[in-house]
Amino acid sequence: MAVTVADPEPGAPHQPARTRRFPRAWLLRLAAALVSGFAFYLSFAPRPLWWLAPLAFAGFAFVLRGRTFRGAFGYGFAFGFVFFLPLLTWLLDFLGPDFGPWPWLGLSFALALYHGLAGGLITLVARLPLAPLWGALIFIALETPRAWFPFGGFPWGRVAFSQPEGAFLPLASIGGAPLVGLAVVVSGFCLAAFAARLWDGRDAFTSALRARRTVLAAAGTLLPVVAGLALWPAIGTGAQDGERTVATVQGNAPDIGLALQGERDVLRRNTIAESERLLDAIRAGKVAKPDLVLWPESATTVTGPDPQVDQLVANFGVPALIGALYVLPDRHIQNSVIAWDPNTGPGQRYAKQQLVPFGEYVPARDLAALVTPFIDQETVDMVPGDGANQTLAVAGTNVGVFVCYEAAFDYPGRDAVRDGAELLVVPTNNAWYGESEMSVQQLAMSRLRAVEHSRAVVVSAVSGVSAIVAPDGTVTSSTGLFTADSLVGRVPLRTQTTLSDRLGAWTEYGLLALAIAGVAGGLVLRFRTRRTSAGTAAGETAD
């Protein structure tokens, strides 16, 4: 497999890669980094352009070719910044004009630093054998700390989330999001290495070693694609423990952003009204009677007994999963999903574990209070759950639950399936983010999770997009944004665990360990090369 930056013969002193001279070449490289970063953004939903992602990384690899650590850091930052800026514009809808663009710009800046660091570190492995693989490992490895920092982690924009369909998606059943992301980047980096051979001239094929590396680069470009396509027939979609008819209710919301805080009663009324319309349609025989009814995230607030919800669920005559803000005895709030029985009322409850920073809690509250007037007056930190009851036994089914933002993290879905979940549900409240791309970006994550865990996924949103997703990631039905609507669909119950679930976090940490080993190897090789060069120079001076 060819290298992406420089490709000397083994044992030969390092020499700068031959490049064609252009005036102000750094401007052309910067422009290429920006175009590649924007192309990477375009590969994300709602556009079905998954194939743009490897092309974007091919362009990124060309930019890094022959660069120093510092230069590659700058180009990597540019690539990341122009990617995150349009990807995260929904933050402007969420925060509104009172906050201005600074949180959006600040978060995009912070996340782009990871891509900058990736660019710099990739130069350290550019002279190793199989350099495109080592470079891809570094890029994907840096998605791991991004799930930890800043503010408890923000994994939005992971490479795998650009692949809710297409050739790479089946790899999620083997190694989850990390393997899908690695496959995309390897394919792009190898494509750049192959193209670089052609760019450098005909002598790329004049030696057996160079010819072999050219062939390896071409093989590395195609192998991830072929592997993904070959896995498609193995993606299970059939029922293994029967089927269930599931209904999801989308009540709609009147406002977006922080203004939604004052509309809790409206959200409840809208959800109840749409539930009653669905109940009328069931009684009229227009839609099938469900086995389970699902409400979206924070559709109501539960402070104690709730006769109205009791009666509504009893009228359906089947259990419901009610997304609610649950008030604890100490008056703190947990974002919860409550199993509501038509006869006995509320029962088991799952509380969201991965809270949204600045949405459900405020990190560094004292510091944040210096830049916004809302901290002390209008925000109260929610309490995260401890992971208990993530799989709820309702309607004769083990239903795994993860809420909204948790779809971006690997562990909630994996833990639910390991706990016996046969079906996954994702209550969410994306009304905060207006008619932006946020809802479809999150749906793409749920589609990836469906393949990763070989489970049907039902997404229930306050204002859209709600969807029923088959175990192969196909959206079988969905709603529009900011409409009152319901979905009723038949879903398979599955019990088989994927290799991804069995490997768990070992895939991610294994890739991280390999990336660290690659950087260490690159540093050792660089040190030895410099020492050899210094010794040779000293000998020539003595002569």
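Residues numbered from 1 in each chain as written. Predicted model: local features only at pLDDT ≥ 70, side-chain atom pairs only at ≥ 80, totals over all residues. Heavy atoms only, no water.

Trainee: Mind showing me how you'd approach the overall build of the chain here?
Mentor: For the chain, the helix and strand inventory stands at 17 helices and 13 strands. In the chain, which comprises 543 residues, the proportion classed as buried is 55%. Of the contacts formed within the chain by residues at least 6 apart in sequence, a portion of 72% connects residues at least 24 apart. Carbon and sulfur atoms provide 61% of the accessible area of the chain, an area that totals close to 22300 Å². (Helix = DSSP H or I, 4+ residues; strand = E, 2+ residues; numbered from the N terminus. Buried < 20%, exposed > 50% of the residue type's maximum accessible area, 1.4 Å probe, protein only. Contact = heavy atoms within 4.5 Å. Areas by Shrake-Rupley, 256 points an atom, 1.4 Å probe, with all protein chains shown as cover.)

Trainee: When you look at helix H11 (residues 307-316) in this model, what are you seeing that I'm missing?
Mentor: Side chains three or four residues apart in an α-helix point the same way, a direct result of the helix having 3.6 residues per turn. Among the residues of H11, those classed as buried are Val309, Leu312, Val313 and Phe316. Projected onto a plane normal to the axis of H11, the buried residues spread over an arc of 95 degrees and lie on a single side. Residues of H11 that are buried sit in contact with helix H10 (264-283), strand S2 (292-294), strand S4 (320-327) and strand S5 (333-341). Once H11 ends, the next one or two residues include glycine 317, with phi positive near 75 degrees. (Arc of directions from axis to C-beta.)

Trainee: Would you mind showing me how to read a nonpolar patch on the surface here?
Mentor: On the surface, a cluster of nonpolar side chains totalling about 380 Å² of accessible area is made up of Trp148, Phe149 and Tyr509. Position of tyrosine 509 relative to the elements: it lies in helix H17 (residues 506-542). Owing to a relative accessible area of 40%, tyrosine 509 belongs among the partly exposed residues under this scheme. (Patch = residues over 30% accessible without salt bridge, like charges linked within 9 Å, V, L, I, M, F, W, Y side chains within 5 Å. Salt bridge = Lys/Arg side-chain N within 4 Å of Asp/Glu carboxyl O.)

Trainee: I tried to follow the side chain of glutamate 143 on my own but got confused; where do I start?
Mentor: Secondary-structure assignment places glutamate 143 in helix H7 (residues 143-146). Residue classification places glutamate 143 among the buried positions, given a relative accessible area of 5%.

Trainee: Sorry, what's going on with the sheet that holds strand S7 (residues 391-394) here?
Mentor: By way of backbone hydrogen bonds, the strands of a sheet pair with one another, either parallel or antiparallel. Overall, mixed pairing links the six strands, which are arranged S7-S8-S9-S10-S11-S12 in an open sheet. Each edge of the open sheet carries a strand with a single partner, namely S7 and strand S12 (475-478). Pairwise comparison of adjacent strand axes, ignoring direction, gives a mean angle of 20 degrees for this sheet. In this structure, strand S9 (residues 423-428) lies alongside strand S10 (residues 457-461), joined through five bridges in parallel fashion. Its bridge partner being in S10, valine 425 is matched across the sheet by valine 458. (Pairing = 2+ DSSP bridges. Axes fitted to C-alpha atoms, helices over the stretch in contact; angles between N-to-C directions.)

Trainee: Could you clarify how one ought to interpret the pattern of salt bridges in this entry?
Mentor: Any two side chains of opposite charge can pair, given that their charged atoms come close. Considering all chains together, one arrives at twelve salt bridges under this definition. Put simply, aspartate 410 and arginine 158 hold a salt bridge, and the shortest N to O gap is 3.0 Å. Of the two residues, aspartate 410 sits in the loop between strand S8 (397-401) and helix H14 (411-418) while arginine 158 sits in the loop between H7 and helix H8 (172-200), which places them 252 residues apart along the sequence. Two residues, glutamate 360 and lysine 352, come together in a salt bridge whose shortest N-O distance is 3.1 Å. Residue classification places glutamate 360 among the buried positions, given a relative accessible area of 9%.

Trainee: Honestly, the nonpolar core in this entry has me stumped. Any pointers?
Mentor: For soluble globular proteins, nonpolar side chains are generally found buried alongside one another. Among the nonpolar cores identified, the biggest contains 91 residues, and Phe40, Phe57, Leu88, Phe139 and Trp156 are the most heavily contacted of them. Ranked by residues supplied to this core, first place goes to H8 with eleven residues. Dropping the residues within four chain positions of it, phenylalanine 40 is found in contact with Ala53, Ala56, Phe57, Phe79, Phe83, Gly157, Val159 and Ser162. Counting 21 residues, the second largest nonpolar core, distinct from the first, contains Val394, Val399, Val401 and Val403. (Core = buried A, V, L, I, M, F, W, Y, C linked by side-chain atoms within 4.5 Å.)

Trainee: Looking at this structure, I do not really get the packing of helix H6 (residues 131-141) against H8. What am I missing?
Mentor: Each packed pair of helices is defined by two parameters, the angle between the axes and the distance between the axes. Relative to each other, H6 and H8 sit at 140 degrees, their axes nearing to 8 Å. By the angle class used here, H6 and H8 are oblique. Here the hand of the crossing between H6 and H8 comes out right-handed. Of the residues in H8, those in contact with Pro132, Leu133, Gly135, Ala136, Leu137, Phe139 and Ile140 of H6 are Pro178, Gly181, Leu182, Val185, Val186, Phe189, Cys190 and Ala193. In terms of residue class, the contact of H6 with H8 is made up of 13 nonpolar, two polar and no charged. (Parallel < 35°, antiparallel > 145°, perpendicular 65-115°, else oblique. Left-handed = near helix turned anticlockwise from the far one by under 90°. Nonpolar A, V, L, I, M, F, W, Y, C, P; charged D, E, K, R; others polar.)

Trainee: Looking at this structure, how should I read H6?
Mentor: Of all the eleven residues making up H6, nine are buried; the element is thus mostly covered by neighbouring parts of the structure. Burial in H6 covers these residues: Ala131, Pro132, Gly135, Ala136, Leu137, Ile138, Phe139, Ile140 and Ala141.

Trainee: I tried to follow the environment of serine 478 on my own but got confused; where do I start?
Mentor: By the secondary structure assignment, serine 478 is in strand S12. You can call serine 478 partly exposed: its relative accessible area is 43%. Along the backbone, serine 478 and valine 459 are 19 residues apart, and their C-alpha atoms lie at a distance of 9.0 Å. Residue contacts for serine 478: discarding those within four places in its chain leaves Val465, Ser466, Ala467 and Leu487.

Trainee: Before we go on, may I ask you to explain the confidence of the model for the chain in this structure?
Mentor: Detailed reading of predicted coordinates is not advised where the pLDDT is low. When pLDDT is averaged along the chain, the result is 90, and 88% of the positions lie at 70 or above. In the predicted structure, residues 1-19 sits below a pLDDT of 50 and forms 51 contacts with residues beyond four places in sequence or in another chain. (pLDDT = per-residue confidence, 0-100.)

Trainee: It is not clear to me how the packing of helix H1 (residues 25-42) against helix H2 (residues 52-64) should be interpreted in this structure. Could you clarify?
Mentor: In the contact formed by H1 and H2, the axes pass within 8 Å of each other and the chain directions differ by 160 degrees. What the angle tells us is that H1 and H2 run roughly antiparallel. In the packing of H1 onto H2, the handedness of the crossing is left-handed. Where H1 approaches H2, its residues Arg29, Ala32, Ala33, Ser36, Ala39, Phe40 and Leu42 are matched on the opposing element by Leu52, Ala53, Ala56, Phe57, Gly59, Phe60 and Val63. When grouped by side-chain class, the residues that make up the contact of H1 with H2 number eleven nonpolar, two polar and one charged.

Trainee: I would appreciate a short explanation of the packing of aromatic side chains in the present structure.
Mentor: Think of a pair of aromatic rings as described by two things: how far the centres are apart, and how the planes are tilted against each other in angle. On inspection of all chains with the given rule, the structure shows 25 aromatic pairs. Relative to phenylalanine 79, the ring of phenylalanine 60 has its centre 4.4 Å away and its plane inclined at 20 degrees; by these criteria the two rings are stacked. Of the two residues, phenylalanine 60 sits in helix H2 while phenylalanine 79 sits in helix H3 (residues 69-87), which places them 19 residues apart along the sequence. Assigned by exposure class, phenylalanine 60 and phenylalanine 79 land together as buried. In this arrangement the basic side chain of arginine 47 is found over the ring face of tyrosine 41, its NZ or CZ atom lying 4.6 Å from the centre. (Phe/Tyr/Trp six-rings, centres within 6.5 Å; stacked < 30°, edge-to-face > 60°. Lys NZ or Arg CZ within 6 Å of the ring centre and 35° of its normal.)

Trainee: Is there a simple way to explain the pairing of S9 in this structure?
Mentor: When you tally the buried positions in S9, you get six out of six residues, the bulk of the element. Both faces of S9 are covered, namely the face carrying Leu423, Val425 and Pro427 and the face carrying Leu424, Val426 and Thr428. Alignment of S8 against S9, held across three bridges, turns out to be parallel. Bridge assignment links valine 399 to a residue of S9, and that residue is leucine 423. On the question of chirality, the crossover connecting S8 to the parallel S9 by way of H14 is right-handed. Following the backbone out of S9, through helix H15 (residues 438-453) and into the adjacent parallel S10, one traces a crossover that is right-handed. (Right-handed = clockwise from strand over helix to strand, strands pointing away.)

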